[in-house]
Amino acid sequence: LVHYYINIFLLNLKISSYNLLMDIPIYLINLKKNKERLINSIDRIRELNLSEMIIIKNAKNKYYAEKNKYKYSTKEVQDNILQLKNTKIMPTWGSLGCAISHLECWEDIILRHKWAVILEDDFCIEDKEKFMYGFNYAKNLIVNNTYNKSDPTFITLDSKSNTVLQQNNSHT
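What you see is a predicted model, and the numbers here were worked out from it, not measured in a lab.

Novice: Would you mind showing me how to read the packing of aromatic side chains here?
Specialist: The description of an aromatic ring pair uses the distance of the two centres, along with the angle that the planes make with each other. According to the stated counting rule, one finds one aromatic pair in the structure shown. Ring plane angle 45° and centroid distance 6.4 Å describe the contact between Tyr64 and Tyr72, whose orientation is recorded as tilted. Assessed through its relative accessible area of 27%, Tyr64 is described here as partly exposed. Arg44 extends its terminal NZ or CZ atom over the ring of Phe123, reaching a point 4.3 Å from the ring centre. Over the face of the ring belonging to Tyr64 we find Lys60, whose NZ or CZ atom lies 4.9 Å from the ring centre.

Novice: Help me understand the nonpolar core, please; the structure alone is not making it clear to me.
Specialist: Soluble globular proteins: nonpolar side chains tend toward being buried together. In terms of nonpolar packing, the biggest core is built from 16 residues, with Leu28, Ile45, Leu50 and Leu119 touching the most fellow members. Elements supplying a minimum of two residues to this core: strand E2 (26–30), helix H2 (35–47), strand E4 (115–120) and helix H7 (128–143). Setting aside anything within four residues of it in sequence, one finds Leu28 in contact with Leu38, Ser41, Ile42, Ile45, Ile54, Ile55, Ile56, Lys57, Leu119, Glu120 and Asp121. The next biggest cluster of nonpolar side chains, apart from the first, holds seven residues, and it includes Ala65, Val77, Ile81 and Ile89.

Novice: I keep staring at the pairing of E2 and nothing clicks. Help me out?
Specialist: Two faces make up the sheet, and in a regular strand the side chains alternate between them. Of all the five residues making up E2, five are buried; the element is thus mostly covered by neighbouring parts of the structure. Both faces of E2 are covered, namely the face carrying Ile26, Leu28 and Asn30 and the face carrying Tyr27 and Ile29. Here E2 pairs with strand E3 (residues 54–58) via five bridges, running parallel. Bridged to Asn30 within E3 is Asn58. Crossover connection from E2 via H2 to parallel E3: handedness right-handed.

Novice: How should I be thinking about the environment of Gln78 in this particular structure?
Specialist: Secondary-structure assignment places Gln78 in helix H5 (residues 75–82). Residue classification places Gln78 among the buried positions, given a relative accessible area of 17%. If we ignore the near neighbours within four places in the chain, the residues touching Gln78 are Lys69 and Trp93.

Novice: Is there a simple way to explain helix H6 (residues 93–112) in this structure?
Specialist: The α-helix advances 3.6 residues per turn, and as a result positions three or four apart in sequence lie on the same side. Its 20 residues give H6 an end-to-end C-alpha distance of 29 Å, which sits within 8% of 28 Å, the value for a rise of 1.5 Å per residue. Of all the residues in H6, the buried ones are Trp93, Leu96, Gly97, Ile100, Ser101, His102, Cys105, Asp108 and Ile109.

Novice: Got a minute to help me understand the confidence of the model for the protein chain in this structure?
Specialist: Caution is warranted with low-pLDDT regions, since their predicted coordinates should not be read in detail. Residues of the protein chain with pLDDT of at least 70 account for 69%, and the chain-wide mean is 75. pLDDT under 50 marks residues 1–6. Its contacts with residues more than four places away, or in other chains, come to 25 contacts.

Novice: Would you explain the pattern of salt bridges in this entry?
Specialist: Under the definition given, this model contains four salt bridges. Between Glu104 and Lys60 there is a salt bridge, with its nearest N and O atoms 3.6 Å apart. Of the two residues, Glu104 is situated in helix H6 and Lys60 in the loop between E3 and helix H3 (62–67); the sequence distance between them amounts to 44 residues. On the accessibility criterion, Glu104 (21% relative accessible area) is partly exposed. Across the pair Lys75 and Asp79 runs a salt bridge, and its minimum N-O distance is 2.8 Å. In this pair, Lys75 and Asp79 are both assigned in helix H5, four residues apart and thus about one turn of the helix distant. On the accessibility criterion, Lys75 (57% relative accessible area) is exposed. Classification of Asp79 as partly exposed rests on a relative accessible area of 37%.

Thresholds applied
- Residues numbered from 1 in each chain as written.
- Predicted model: local features only at pLDDT ≥ 70, side-chain atom pairs only at ≥ 80, totals over all residues.
- Heavy atoms only, no water.
- Phe/Tyr/Trp six-rings, centres within 6.5 Å; stacked < 30°, edge-to-face > 60°.
- Buried < 20%, exposed > 50% of the residue type's maximum accessible area, 1.4 Å probe, protein only.
- Lys NZ or Arg CZ within 6 Å of the ring centre and 35° of its normal.
- Core = buried A, V, L, I, M, F, W, Y, C linked by side-chain atoms within 4.5 Å.
- Helix = DSSP H or I, 4+ residues; strand = E, 2+ residues; numbered from the N terminus.
- Contact = heavy atoms within 4.5 Å.
- Pairing = 2+ DSSP bridges.
- Right-handed = clockwise from strand over helix to strand, strands pointing away.
- Expected span 1.5 Å × (residues − 1).
- pLDDT = per-residue confidence, 0-100.
- Salt bridge = Lys/Arg side-chain N within 4 Å of Asp/Glu carboxyl O.

The structure is reproduced here in structure tokens:
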């Protein structure tokens, strides 16, 4: 089964519990050629009753990443892709394309929403109940304002450990 991370991105704005009861925008990253995965992902989101506001974003592929390497990467990243030395640095053009896709979602969230969820079309929820507890825990962090309000915040749900990881933009 696929290991997934679900990213929740929120801005440092006051968010009331009333706002959270409204539809949560879900950004779904999908490669254009994978229409079946797109349909299956939308079905899974609806089964969980997470949101009816699904924003489909086209994933950037390895060709796009390599073509735009000067805009989105460094010489160190390019050297690592060409001769892998460190897996903590982008190991492939495809992984850089994936990172660009997430970056574009974050940019759109900043312009349009207070917070949103980012999913890739290959997300797999092994335990629906465990996922819903983790998802609601993350929402409660937001409602109770227990996150660092000085920076945009990324809350990541990890499917293997069902832990909520909290990262601030200034540390990533």
